[in-house]
Amino acid sequence: MTYMSNLSANDLLKKVRKIEIKTRALSHQIFAGEYHSAFKGRGMAFSEVREYQYGDDVRNMDWNVTARLRSPYVKVFEEERELTVVLLVDVSRSRLFGTTGASRKDVLAEIAAVLSFSAIINNDKVGALFFSDKVEKFIPPKKGRSHLLHIIREIIEFEPTTDGTDISEALRYLTNAIKKKCTAFLLSDMIDVNQDGTPRYEEALKVAVNRHDLSVIEVYDPRERNIPDVGLVHIKDSETGRGAWVDTSDRRMRLAYEQWFANMEQTSSRLFMKYNVDKVSIALDEDYVKGLMTLFKNR
């Protein structure tokens, strides 16, 4: 099923402009330096070889040059000043959910814009990959404000062709499409699990982190974690379309759901720790600035 955008061209331009003004200011005032500290220097590029000096790391020995010149030489590396940043944005149907005044879609757009402006300020390339239960669209990394605004417009306006979520597909595409090591941000609610709550994307994650520097930004609505006592209600899964009547006044039901959600969160957190993936969780009713600062400073 395809969903049509309700935004006119004028409304879209106004929304893009509003996001640009807010997030560009944040990027200049707060995030540019933190971003540089957190991500620059994570990659080192080969620069030259020189003769070995006392104290040099023997792991950097260039044995081919050493053998040819019959004198010990080491490789010299320098910090990579230009990074490639790729935003993996979850555009599944659940991104439209929101009970706090803002939808996940709006918050994801602002976070993506902040990351993009921070990257552009640091002279990095930015690309984007939109995914549902398949890769919907890939925008190759480029520099420049017009390219960045194109990405923001797409995040606001893009309508997926399917409703579901498959994080594995996005990670596999990233691994295959970007050959050189990049800095990737996965923006999603991260609810892509088996019935027992275990993540379905472990294998794809394992491969992706061996090639790229991946960080996870989980954006969630508080109501997804705790069901309020409001009596008998009809609930519907926005991605599968399946619905059911639920008696939310049943305390055992509420506790069982909360336990299931907590177990899912713990399992995914252990998975990210296992593969050294930095992750931050940001609620829709929280200031995402604090969450992003935590992500940057923890690296």
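Residues numbered from 1 in each chain as written. Predicted model: local features only at pLDDT ≥ 70, side-chain atom pairs only at ≥ 80, totals over all residues. Heavy atoms only, no water.

Colleague: Could you clarify how one ought to interpret the packing of helix α3 (residues 104-121) against helix α4 (residues 145-157) in this entry?
Modeller: Close contact between α3 and α4 brings their axes to 9 Å; oriented N to C, the two are set at 170°. When the axes of α3 and α4 are compared, the pair comes out roughly antiparallel. Counted together, Lys105, Ala109, Ala112, Ala113, Ser116, Phe117 and Ile120 of α3 and Leu148, Ile152, Ile155 and Ile156 of α4 form the full contact between these two elements. In terms of residue class, the contact of α3 with α4 is built from nine nonpolar, one polar and one charged. (Axes fitted to C-alpha atoms, helices over the stretch in contact; angles between N-to-C directions. Helix = DSSP H or I, 4+ residues; strand = E, 2+ residues; numbered from the N terminus. Parallel < 35°, antiparallel > 145°, perpendicular 65-115°, else oblique. Contact = heavy atoms within 4.5 Å. Nonpolar A, V, L, I, M, F, W, Y, C, P; charged D, E, K, R; others polar.)

Colleague: Is there a simple way to think about the sheet that holds strand β10 (residues 278-283) in this case?
Modeller: Strand pairing in a sheet relies on backbone hydrogen bonds, with the paired strands running either antiparallel or parallel. The six strands lie next to each other as β5-β4-β3-β6-β7-β10, forming an open sheet whose pairing is mixed. With one partner strand each, in any of the chains shown, β5 (135-142) and β10 form the two edges of the open sheet. Averaged over all adjacent pairs, the angle separating strand axes in this sheet is 15°, with direction ignored. Judged from the seven bridges that link them, strand β3 (residues 84-90) and strand β4 (residues 125-131) form a sheet pairing that is parallel. When the sheet's bridge partners are listed, Val85 is paired in β4 with Val126. Contacting β7 (213-220) and β10, helix α7 (residues 251-274) runs over the sheet at an angle of about 150° to β10. (Pairing = 2+ DSSP bridges.)

Colleague: For this particular structure, what's the right way to read the nonpolar core?
Modeller: One broad rule of soluble globular proteins: the nonpolar side chains tend to lie buried together. Among the nonpolar cores identified, the biggest contains 43 residues, and Ile111, Phe185, Ile217 and Tyr288 are the most heavily contacted of them. Looking at this core, the element that brings in the most residues is α3, giving ten residues. Non-local contacts of Tyr288, meaning those with residues more than four positions away in its chain, are made with Lys22, Thr23, Leu26, Val107, Glu110, Ile111, Val114 and Ile282. Membership of the second largest hydrophobic core comes to 24 residues, among which are Leu186, Val209, Phe272 and Val277. (Core = buried A, V, L, I, M, F, W, Y, C linked by side-chain atoms within 4.5 Å. Buried < 20%, exposed > 50% of the residue type's maximum accessible area, 1.4 Å probe, protein only.)

Colleague: Just to check I follow, could you spell out the confidence of the model for the protein chain for this structure?
Modeller: Should the pLDDT be low somewhere, the predicted coordinates at that spot are not to be read in detail. Across the protein chain, the average pLDDT comes to 82, with 82% of residues at or above 70. Here residues 1-5 scores under 50 on pLDDT; set against residues more than four positions off or in separate chains, the count is 13 contacts. (pLDDT = per-residue confidence, 0-100.)

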